[in-house]
Amino acid sequence: MGIIRLVPVVQRLFREWRNAHRAGAQIVPMGVAYGDPAAYYTDDSFMAHMKRIAGLRGMRVVVEIGEPLAADETSSVELKDQARERVEQLVAKARARLS
């Protein structure tokens, strides 16, 4: 799975980022890498994704958790862009650890 697969996920989360921005909350970026390509979250619903993962056995998963992004004076669009960039970096780091 390439970084391009992050696009649908980031777009789906944009509304939540706007809400976090309005509330002054922090966004904690995370990167996840799976040992089985069938586990990656794509265009299906979250429940379909979870059912697929539940059916996979003995799968390796690496999670990288980044520093929180403050939603203070940053616009929601800038916050989305910062989060996407950081998630891409964390996914690359997780994939490197998985190898």
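The rules we used
- Per chain, the residues get numbers from 1 upward, laid out in the order the sequence is written.
- Confidence filtering applies because this is a predicted model: local features only for residues at pLDDT of at least 70, side-chain atom pairs given and counted only at 80 or more, and all residues used for totals across whole chains, interfaces and linings.
- Working from all heavy atoms in the structure, the side-chain values ignore hydrogens and water.
- Only DSSP runs of H or I covering at least 4 residues are called helices, and only runs of E covering at least 2 are called strands; the numbering of each starts at the N terminus.
- Exposed residues in this analysis have more than 50% of their type's maximum accessible area, buried residues have under 20%, and partly exposed residues fall in between, with area computed by a 1.4 Å probe over protein chains only.
- Throughout, a contact is declared for two residues whenever any of their heavy atoms are within 4.5 Å.

A. Representation of the environment of Val91 in the model. Structurally, Val91 is set in helix α3 (residues 76-98). Residue classification places Val91 among the buried positions, given a relative accessible area of 5%. Separated by 61 residues in sequence, Val91 and Met30 have C-alpha atoms that sit 7.6 Å apart.

B. Region of interest: the side chain of His49. Positionally, His49 belongs in helix α2 (residues 46-54). Look at His49 and you get buried, because its relative accessible area is 3%. Not counting residues within four places of it along the chain, the set of residues in contact with His49 comprises Tyr34, Ala39, Tyr40, Tyr41 and Asp44.

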